Structure formats: structure tokens, C-alpha cells
Amino acid sequence: MTTLRIGVFGIQGDIEEHVKAVNSAMEQEKLHGETMLVKTPEAVEIVDGVIIPGGESTVIGSLSSINGTLGRLEERIVKGLPVLGTCAGAILLSREAEDRVIGRTRQKLLGVLDATVKRNAFGRQRESFEEAVSIPKLGAEPFPAVFIRAPIISSVGEQVEVLSRVKEGIVAVQQRNILATSFHPELSRDLRFHKYFLSLVLSNK
Ligand code: GLN
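Just so it is clear, the model here is predicted, and its values are computed rather than measured.

K.L.:
Can you help me understand the pattern of salt bridges in this one?
P.N.:
A side chain of one charge can pair with a side chain of the opposite charge if their charged atoms are brought near each other. In total, this model carries 10 salt bridges according to the counting rule given. The salt bridge partner of K195 is E29, with a shortest N-O separation of 3.7 Å. Taken as a pair, K195 in helix α6 (residues 192-204) and E29 in the loop between α1 (15-28) and β2 (32-38) lie far apart in primary sequence, 166 residues in all. In this structure K195 comes out as partly exposed when scored by relative accessible area, which is 22%. Here K205 makes a salt bridge to D48, at a shortest N to O gap of 3.4 Å. Placement of K205 in the segment after α6 and of D48 in the loop between α2 (41-45) and β3 (49-52) is noted, with a sequence separation of 157 residues between them. Among the residues examined, K205 registers a relative accessible area of 51% and is labelled exposed. Look at D48 and you get buried, because its relative accessible area is 17%.

K.L.:
Before we go on, may I ask you to explain unusual backbone geometry in this structure?
P.N.:
A negative phi angle is the norm for most residues apart from glycine, just as the trans form is the norm for most peptide bonds. Positive phi is not limited to glycine here, since K30 has a value of about 55°. By the element assignment, K30 lies in the loop between α1 and β2. One non-glycine residue, R149, lies in positive phi territory at about 40°. Locating R149 in the fold gives a position in the loop between β9 (143-148) and β10 (152-156).

K.L.:
Explain α1 to me, please; I cannot follow it from the model alone.
P.N.:
The end-to-end C-alpha distance of α1, which contains 14 residues, comes to 20 Å, matching closely the 20 Å that a straight helix rising 1.5 Å per residue would cover. The secondary structure elements touched by the buried residues of α1 are β1 (3-9), β2, β3, β4 (83-86) and α6. Note on α1: the residue one or two positions beyond its end, K30, has a positive phi of about 55°.

K.L.:
What exactly am I supposed to notice about helix α4 (residues 69-78) here?
P.N.:
Inspection of α4 places T69, L70, L73 and I77 among the buried residues, and these make up the whole buried set. Buried positions in α4, seen along its axis, are confined to an arc of 90° and lie on one side of it.

K.L.:
Quick question: what am I supposed to make of the site of the ligand here?
P.N.:
What surrounds the ligand is the set G54, G55, E56, S57, C87, A88, I91, R119, N120, I148, R149 and H184. Here N120 contributes a side-chain N or O atom positioned 2.7 Å from a nitrogen atom of the ligand. A distance of 3.1 Å separates a nitrogen atom of the ligand from a polar backbone atom of R149. In isolation the ligand has 300 Å² of accessible area, and contact with the protein removes 98% of it.

K.L.:
Which parts of the structure should I look at to understand the packing of α1 against α6?
P.N.:
In a packed pair of helices, the relevant descriptors are the angle between the two axes and the axis-to-axis distance. Orientation of α1 relative to α6, taken along the N-to-C sense of each, is 70°, at an axis distance of 9 Å. Our classification of the angle between α1 and α6 gives roughly perpendicular. Across from H18, A21, V22, A25, M26 and Q28 in α1, the residues of α6 making contact are H194, K195 and L198.

K.L.:
Is there a simple way to explain the nonpolar core in this structure?
P.N.:
Counting 32 residues, the largest nonpolar core has I52, L73, I77, L93, L110 and L113 as the members making the most contacts within it. When contributions to this core are tallied by element, the ones reaching two or more residues are β2, α2, β3, α4, α5 (88-93), β7 (113-119), β12 (169-175) and β13 (178-181). At 5 residues, α5 tops the list of elements feeding residues into this core. Sequence-distant contacts of L113, that is, excluding residues within four places in its chain, are made with L93, S94, R95, V160, V173, Q175, I178 and A180. In terms of nonpolar packing, the next biggest core, distinct from the first, is built from 30 residues, L84, F122, I152 and V166 among them.

K.L.:
Any chance you could explain a nonpolar patch on the surface here in plain terms?
P.N.:
A contiguous nonpolar surface patch, about 280 Å² in accessible area, is contributed by V59, L63 and I66. Summarising the element assignment, I66 is placed in helix α3 (residues 57-66).

Parameters and conventions
Residues numbered from 1 in each chain as written. Predicted model: local features only at pLDDT ≥ 70, side-chain atom pairs only at ≥ 80, totals over all residues. Heavy atoms only, no water. Salt bridge = Lys/Arg side-chain N within 4 Å of Asp/Glu carboxyl O. Helix = DSSP H or I, 4+ residues; strand = E, 2+ residues; numbered from the N terminus. Buried < 20%, exposed > 50% of the residue type's maximum accessible area, 1.4 Å probe, protein only. Expected span 1.5 Å × (residues − 1). Contact = heavy atoms within 4.5 Å. Arc of directions from axis to C-beta. Near = heavy atom within 4 Å. Polar contact = N/O pair within 3.5 Å; in protein donor to acceptor, adjacent residues only side chain to side chain. Areas by Shrake-Rupley, 256 points an atom, 1.4 Å probe, with all protein chains shown as cover. Axes fitted to C-alpha atoms, helices over the stretch in contact; angles between N-to-C directions. Parallel < 35°, antiparallel > 145°, perpendicular 65-115°, else oblique. Core = buried A, V, L, I, M, F, W, Y, C linked by side-chain atoms within 4.5 Å. Patch = residues over 30% accessible without salt bridge, like charges linked within 9 Å, V, L, I, M, F, W, Y side chains within 5 Å.

Next up, the structure:
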């Protein structure tokens, strides 16, 4: 039987929520596997897929680069390791990040996703909200997307498939083994995004 080992980047952010969502998704899909927190280059080595949670992208990026975890993760993603980045996680995956106020940020990024993101792009009065968004790849039923000081994916390269778009811009993309969402699928009961991620991990085993 195939056993999946899913790592959740465990530096900062809504780590526990992803662990719970992955465990529930594995149970519902009758997949055999386990979750573990990833905080070291050694942990990056032994996982079959990684989730980078939402939180504060500058904190996650700078802390994880100190001991070489970020660098090792970048190498494995480039070689095909499936990864799901949500909100701050999506920012970290991107090639370039901009801020509404200061323009291009000089923060540490993985830079593996050919996309530019605009941080905190939804403005003050709409900083946090829930919206049913269409994600045709996950089925006809709209996805309950939770946005918390969310970024917008403002431009993407040719190899990037747009999975979902709202009126402000792109909010979910896939570039082969890389999935990124502006919103937090781990905060809704809908596990379709985590199940889709697990299907990528499974097909990469
Ligand atoms: N605004 C945060 C950042 O730029 C992301 C917010 C989140 O992950 N919910 O890192």
C-alpha cells in the first residue's frame, strides 16, 4: 500500500488547520499516510508533498532561510515535489511580490512560481471576507473561499494555469506540481483543494 508523508511548513501561520484538513482529506479518500511539520532541511528531504500555510510571508521567508530549509525546499520543488501554498504560502512561491504601498518588496521568496503577487490587495474595508468562487477543476459547485489580508495574483507566465478568478483578479493557479491560492482552503469545510493536492502527490509517487 502506498503511504504518503505530507509536510506542513511549520514556521508560522495556520499550521494546525492544514494538518487537520490533510488528515481529514486522507481519511475521506481512504489514503494511507501521515502529516509532519517541516522546519529543517532534513525534514524537507523525506516528505512526498509540502503545504505552506497562510500567515506572514516575510516572517516565514526570513526564518526558514536561516537554517537552509527554504533553499532546500526550493531545490525539491524545482525537481517536481508537489506543493500547495495558501495566502502567505502563495506569496512565498511566487517569483515577485509587490505591496500596495511600497511597491516591489525585497522579501525572501522561493520564486518557483512564474507569477507576480500583490500583497494585501483587497483594501482595508474588505481585508477579510468569504466569497463563493468558481473553480471548474474542482467541480461545478462553487468553493467557499476565505480571504484574510489576501494577495491577488497580478500576472502569470505562460506555463501557469489559472484555476480561479474573481473580479479583482486571479486567486488560484497551478504550474505543474505547484498549486497556489490567495485564499485559505484549510479554513472552510470544503476539502476539495486538499484532495486535489493529494492527487498530485499520489501521481508523483
Ligand atoms: N498579508 C499576509 C502576507 O503578506 C498574508 C495573509 C495571510 O496569509 N492570511 O504575508
